[in-house]
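The residues making up each chain are set out below.
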Amino acid sequence: MLYIYIYIYIYIYIYIYIYIYIYIYIYIYIYIYIYIYIYIYIYPCVFLADLSIWVPDRQKIVKQLYEYKPPLKGLDSDKVNIRKTREFKDNPLETKRGIPTIFAITPTYSRLEQKADLTRLCQTFRLVENVHWILVEDSINKTALVKRLVTNCKVPCAHLNAVTPSTFKNVPGKRKLPRGVAQRNAALTWIRDHVDPKEVQGVVYFADDDNTYDVRIFEEMRYTKVVSVWPVGLIAGGKFESPMVKDGKVVGWIFYVGAHRRFPIDMASFAFNVQLLFSHLKAEFKYTVPSGTQESTILEGLNVTMSDMEPKANNCTEILVWHTRTQSTSLINQPKLQEKFKTVNFDLEV
């Protein structure tokens, strides 16, 4: 009988020992599996962007991680709309075949509100398909602020600089001179130098950085044959200025000042087919014309007539662009603020 009890005791002891051993083995296996999974698949995606000391080649690895896309089973990948991650270089010409490119020209200059204005415009362009931003600084050199903004914006962009001659800079108390002439001309030159008119279809639009844009206006202008026009709101002290349309044709203009202008419209109220730049190589903006006639100058240089005008925005009955103009910021309280908070670093980029 004693032998039976001893046998049962040994059997139970071995059974318990094997059960515990298997349980511990399974637990360790699961723990190692989770540990490996986290450090191979999750850890790099979350932390590689910041741990540059640990991973010297982190940018290349992160780029590969975010560009990887699993195969789409049962779907035609050519018909699936996937926004690809792209590396944006300085002055690239990125166009999408089949969709006319919008070449948006923006002259800009250094001021306290510059970054805020350009950021708002950048966010608008990010919502527009196949837009190529040509951003031209009124500066001897490209500034670090605008370089960083262009890099972070992730919109295909040609970042240029063209300084306004000192003789044509506006001086308080004197006659107002045209602004943005050198910058817009530099952008037109860039288009002529980098765009192949036989390969690329598109339109040219002058998008100032302090205006406000409804993204629908860009789709309205995209398929312009010659020149398209539309109203602009909050301009010249009135609610809007606009082409007058009758039976789908432009027959005149609604405006307040500038009766001497052949085309009394704002820079934000028209776009033209990019092919015109190559058939009229001398078309450009000029300092020698009266103030307020830059729009007429470029359109006349492109040999445009009123019969060429294509009314957009529901036959010019909708406002999709506003000439808002950012108000200059007063820093009257900044010295007092710095005096009150002496330990705070106020040299942040605004």
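The structure presented is a predicted model; accordingly, all values stated were derived computationally and were not measured.

Counting its secondary structure elements, the protein chain contains ten helices and twelve strands. In the protein chain, buried positions account for 38% of the 350 residues. Summarising the internal contacts of the protein chain: among those between residues at least 6 apart in sequence, 72% fall at separations of at least 24. Total accessible area on the protein chain is roughly 22,800 Å²; 59% of this is exposed by carbon and sulfur atoms.

What follows concerns empty space enclosed by the protein. All told, the structure shown has one cavity of 30 Å³ or more when counted by the stated rule. Of the pockets and cavities examined, the largest cavity occupies roughly 50 Å³. Looking at the lining of the largest cavity, the elements with two or more residues in it are β8 (238-246) and β9 (249-254). Among the elements that take part in the lining of the largest cavity, β8 stands out by supplying three residues, more than any other.

A few words on the UniProt feature "binding site: UDP-alpha-D-glucuronate" (unreviewed entry) in the protein chain. Mapped onto the present numbering, the UniProt feature "binding site: UDP-alpha-D-glucuronate" (unreviewed entry) falls on Pro-107, Thr-108, Tyr-109, Asp-138, Arg-179, Arg-184, Asp-208, Asp-209, Asp-210, His-323, Thr-324 and Arg-325. Cross-referencing the annotated residues with the lining of the largest pocket gives Pro-107, Thr-108, Tyr-109, Asp-138, Arg-179, Arg-184, Asp-208, Asp-209, Asp-210, His-323 and Arg-325. Take Tyr-109: it is sitting in the loop between β1 (101-108) and α3 (114-125). If near-sequence neighbours (up to four positions away) are discounted, Tyr-109 is found in contact with Gln-114, Asp-138 and Arg-179. With respect to the helices and strands, Asp-208 occurs in the loop between β4 (202-206) and β5 (212-213). Judged by relative accessible area, which is 14%, Asp-208 ranks as buried. In this structure the side chain of Asp-208 is engaged in a polar contact, spanning 3.1 Å, whose partner is the side chain of Arg-184.

Moving on to the layout of surface pockets. Taken as a whole, the largest pocket encloses approximately 1,300 Å³ of empty space. Contributing to the lining of the largest pocket are 42 residues, with Lys-176, Arg-179, Arg-184, Asp-208 and Arg-325 lying nearest its centre. Here the element with the most residues in the lining of the largest pocket is helix α5 (residues 181-194); it accounts for three residues.

Glancing now at the packing of aromatic side chains. The full count for this structure, using the stated rule, is eleven aromatic pairs. Ring centres 5.8 Å apart and planes at 75° place the aromatic pair Phe-125 and Phe-218 in the edge-to-face group. Of this pair, Phe-125 sits in helix α3 while Phe-218 is found in helix α6 (residues 216-221), placing the two residues 93 residues apart along the sequence. For Phe-125, a relative accessible area of 1% puts it in the buried group. What makes Phe-218 buried here is its relative accessible area of 0%. Taken together, a centroid distance of 6.1 Å and an interplanar angle of 80° make the contact between Tyr-205 and Tyr-213 edge-to-face. There is no split in this pair, since Tyr-205 and Tyr-213 are both buried. An aromatic cluster of three or more residues is present, and its members are Phe-125, Trp-133, Tyr-205, Tyr-213, Phe-218 and Trp-230. Lying over the aromatic face of Tyr-109, Arg-111 brings its terminal NZ or CZ to 4.4 Å of the ring centre.

Strand order in the open sheet formed by seven strands is β3-β2-β1-β4-β10-β6-β11, with mixed pairing between adjacent strands. Here the strands that pair on one side only, and so sit at the sheet edges, are β3 (157-161) and β11 (309-311). On average, each strand axis in the sheet is tilted by 25° relative to the strand beside it, whichever way the strands run. In this sheet, β3 lies alongside strand β2 (residues 131-137) in parallel orientation, the contact comprising five bridges. By the bridge assignment for β3, Leu-135 is matched with His-159. The strands touched by helix α4 (residues 144-153) within the sheet are β2 and β3, with β2 carrying the most contacts at an inclination of about 175°. Strands β1, β2, β3 and β4 of the sheet are contacted by α5, whose axis makes an angle of about 135° with β2.

Moving on, we get to the nonpolar core. Ile-134, Ile-191 and Phe-270 are the most contacted members of the largest nonpolar core, which totals 37 residues. Top contributing element to this core by residue count: α5, with six residues. Apart from the residues within four sequence positions on either side, Phe-270 is in contact with Tyr-205, Phe-206, Val-227, Ser-228, Val-229, Trp-230, Ile-265, Glu-295, Ile-298 and Leu-299.

Cut-off values and rules
- Residues numbered from 1 in each chain as written.
- Predicted model: local features only at pLDDT ≥ 70, side-chain atom pairs only at ≥ 80, totals over all residues.
- Heavy atoms only, no water.
- Helix = DSSP H or I, 4+ residues; strand = E, 2+ residues; numbered from the N terminus.
- Buried < 20%, exposed > 50% of the residue type's maximum accessible area, 1.4 Å probe, protein only.
- Contact = heavy atoms within 4.5 Å.
- Areas by Shrake-Rupley, 256 points an atom, 1.4 Å probe, with all protein chains shown as cover.
- 1 Å grid on protein atoms, 1.4 Å probe; cavity = no way out; pocket = protein on both sides within 12 Å on 5 of 7 lines; lining within 4 Å.
- Points joined across faces, edges and corners; volume = space filled by probe spheres on them.
- UniProt positions renumbered as here; feature names shortened; annotations may be inferred.
- Polar contact = N/O pair within 3.5 Å; in protein donor to acceptor, adjacent residues only side chain to side chain.
- Phe/Tyr/Trp six-rings, centres within 6.5 Å; stacked < 30°, edge-to-face > 60°.
- Lys NZ or Arg CZ within 6 Å of the ring centre and 35° of its normal.
- Pairing = 2+ DSSP bridges.
- Axes fitted to C-alpha atoms, helices over the stretch in contact; angles between N-to-C directions.
- Core = buried A, V, L, I, M, F, W, Y, C linked by side-chain atoms within 4.5 Å.

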